[in-house]
Amino acid sequence: MTAARTHALPYLGYGLGLRVEHYEALLEQPAQVEWLEVVSENYMVDGGLPLVWLDRFRERYPLVMHGVSMSIGSTDPLDEDYLTRLAALAQRVEPAWVSDHLCWTGVQGINLHDLMPLPYTEEALDHVVGRVKQVQDRLKRRILLENVSSYVSFAQSQLTEWEFLAEVAERADCLLLLDVNNVHVSAMNHGFSSLDYLRGIPVSRVQQFHLAGYEQGERLIVDTHDAPVSNAVWDLYLEAVRRFGRVSTMIERDDHFPPLAELLAELEHARALAEPLLRDAA
Amino acid sequence: MSTLQAIQQQMQQAVLTAQTSPLSSVRSDAIADVHSRLAVYQHGYRIRLRDALKNEFVGLSSMVSRGFDALLDTYVETHPSNHFNIRWYGTGLAGFLENKRHDKPQLAEMARLDWAISTAFDATDEPSIDITQLATIPPEAWATLQLVPQGNLQVLSCAYNVDTFRRAADHGTTRPHLRRYAKPRRILVWRHAMSIHYRRLEEDESQVLTAVQRGESFATLCAILAEYHGETAAMSRMVALLQAWVGAGLLRDLGTM
């Protein structure tokens, strides 16, 4: 285990992504879940039930906000309306932190509703760094950026993905949400070493881990976030805990929602893997 | 145009058009060729948008049944999303069906009801007046009184029994037979106490509620009802409607002309 985190945000423990399917169950039995991550866009609405539920969960759990449409890497201008709504939601929720993805979601006013990878070039780096700074100024807080799963890489790339991610974090002074599943998926799809990836990420910048499942395609692994965490990802999680130490960790399920008990069991597994390592290192 | 811009535009175009020819900027390797790599994004794009529409258009799904996916795919292929929330992707579906499916006008009507229900779901929260507020109005103020409706209240004109399709879908009951009315009926959609409601309006209620939305005075509302019921019965009908509207949370405020 190496350097300590120097950009102190609270350590939240072991959490889950909040999904409608588990609303009732999460209000009934919160004991094992220490915090929740909400998808920002689901609550960037004018009123109604989503905000009522959100307020209920806010009373019971520490919350963090996780967005999917900031499109920080897009060459379109940043969406002012989006940022206004995001800032208003952050003011209402007072989350421990706000995150989104290192990706672009569309250009020319279109949203593909996907997390599209960037070419890892100096040009893209300058572009993203400038926009992260803009967003951080607007939100008056440091944001977290998450690594995405990818299926294409670009001939123009001059850096590895982890070099790019580390450079963005350092130059823009932002933090990182390391999705361990996404590291594995991209490593398998592009043939790089997931351990090299972890070793390339600065310890002090990592604030959160995501754990999720994927689907094995014919040639490529597809990041579906709709399955249990795989053994390969659990193994990589252990490596991540060894390198990054005590990091707020959550299970992220976006589809094929099982009963809450199954996610709690996965969360318990994460705890059981990480805590002995963390105790030994203390 | 910068290199980054060019790459993003090419990549987006490849996803939107399901382009099968290789992209010069995308690498191919021993693990997978460019086509297989792009296909993940192209397939995912279509599935995501189709699923988003399925979540919102449950009445239309019930009405179209087996042809529903194909219907949605024609919309997806011609209408990229431009909203940050995928739930809003369906905003143009009713208009699309109106233009493209002249042969089945019930589809656009059904989509319009589904969408009204969807938009009421997270519309702005507003207070509702209660019956005690009506009791405080002095007799001389009633004639110029204005009833202010909820902003989320919508009145749709329907030539078909689309509400029965939606109700069947909501309750998981048997799909009804399609019926065309001799004269279009009005369906009211609104949200009260965080629940979405929809119901048919009688013709007199529809006329009066439309007048409420126009900001007409209470005297004018009574005059409209008098055309249906005569002056004496109009007042008791107005009282009944007022009680029902207040009870259902349809009114946000009271004002004066």
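The name given to chain B in an unreviewed UniProt entry is DUF2063 domain-containing protein, and the organism recorded there is Dyella acidisoli.

In the annotation of an unreviewed UniProt entry, the entry for chain A reads UPF0276 protein GCM10007901_29330, and the organism field reads Dyella acidisoli. Heading Sequence similarities (unreviewed entry) of the UniProt record for chain A holds this comment: "Belongs to the UPF0276 family."

(A) Focus on the pattern of salt bridges. One pass over the structure, following the stated rule, counts 39 salt bridges over all chains. The salt bridge partner of E167 of chain A is R171 of chain A, with a shortest N-O separation of 3.0 Å. With E167 of chain A and R171 of chain A both in helix α5 (residues 161-172) and four residues apart, this pair spans about one turn of that helix. Residue R171 of chain A is classed as partly exposed on the basis of its relative accessible area, which comes to 34%. Of the charged contacts in the structure, one is a salt bridge between R50 of chain B and D69 of chain B, with a shortest N-O distance of 3.5 Å. Residue R50 of chain B is located in helix α2 (residues 34-56), and its partner D69 of chain B is located in helix α4 (residues 68-78); the two are separated by 19 residues in the primary sequence. With a relative accessible area of 18%, R50 of chain B lands in the buried category. Given the relative accessible area of 28%, D69 of chain B is considered partly exposed. Linked through salt bridges whose partners overlap, the residues forming this network are E122, D126, E167 and R171 of chain A.

(B) How the structure looks around the packing of α4 of chain B against helix α5 (residues 93-100) of chain B. Residues and elements named next belong to chain B. Where α4 meets α5, the axes come as close as 11 Å, and the angle between the chain directions of the two elements is 105 degrees. The angle between α4 and α5 falls in the class roughly perpendicular. Seen from α4, the contacting residues are L71, L72, T74, Y75 and T78; seen from α5, they are L93, F96 and L97.

(C) Spatial organisation of the packing of helix α10 (residues 218-229) of chain B against helix α11 (residues 231-247) of chain B. Residues and elements named next belong to chain B. Running from N to C, α10 and α11 point in directions that differ by 120 degrees, and their axes come no closer than 8 Å. With respect to α11, the axis of α10 lies oblique. In terms of crossing hand, the pair formed by α10 and α11 is right-handed. Residues F218, L221, C222, L225, A226 and H229 of α10 pack against E231, A233, A234, M235, R237, M238, L241 and L242 of α11.

(D) Structural detail: the packing of aromatic side chains. All told, the structure shown has 19 aromatic pairs over all chains when counted by the stated rule. With a centroid separation of 5.1 Å and an interplanar angle of 80 degrees, the aromatic rings of Y82 of chain A and F84 of chain B are classed as edge-to-face. Linking Y82 of chain A in helix α3 (residues 80-93) with F84 of chain B in the loop between α4 and α5, this pair reaches from one chain into another. Here Y82 of chain A and F84 of chain B have matching classes, each one buried. Taking the centre distance of 5.3 Å and the plane angle of 70 degrees together, the rings of Y151 of chain A and Y41 of chain B count as edge-to-face. With one member in each of two chains, Y151 of chain A in the loop between β5 (144-146) and α5 and Y41 of chain B in helix α2 form a pair that bridges those chains. No difference in accessibility class separates Y151 of chain A from Y41 of chain B, as the two residues are buried. The rings of Y23, W53, F57 and Y61 of chain A are connected pair by pair, giving a single aromatic cluster. A cation over a ring is seen here: R185 of chain B above Y181 of chain B, with NZ or CZ 4.0 Å from the ring centre.

About the thresholds
- Residues numbered from 1 in each chain as written.
- Chains lettered and ligands numbered in written order.
- Predicted model: local features only at pLDDT ≥ 70, side-chain atom pairs only at ≥ 80, totals over all residues.
- Heavy atoms only, no water.
- UniProt positions renumbered as here; feature names shortened; annotations may be inferred.
- Salt bridge = Lys/Arg side-chain N within 4 Å of Asp/Glu carboxyl O.
- Helix = DSSP H or I, 4+ residues; strand = E, 2+ residues; numbered from the N terminus.
- Buried < 20%, exposed > 50% of the residue type's maximum accessible area, 1.4 Å probe, protein only.
- Axes fitted to C-alpha atoms, helices over the stretch in contact; angles between N-to-C directions.
- Parallel < 35°, antiparallel > 145°, perpendicular 65-115°, else oblique.
- Contact = heavy atoms within 4.5 Å.
- Left-handed = near helix turned anticlockwise from the far one by under 90°.
- Phe/Tyr/Trp six-rings, centres within 6.5 Å; stacked < 30°, edge-to-face > 60°.
- Lys NZ or Arg CZ within 6 Å of the ring centre and 35° of its normal.

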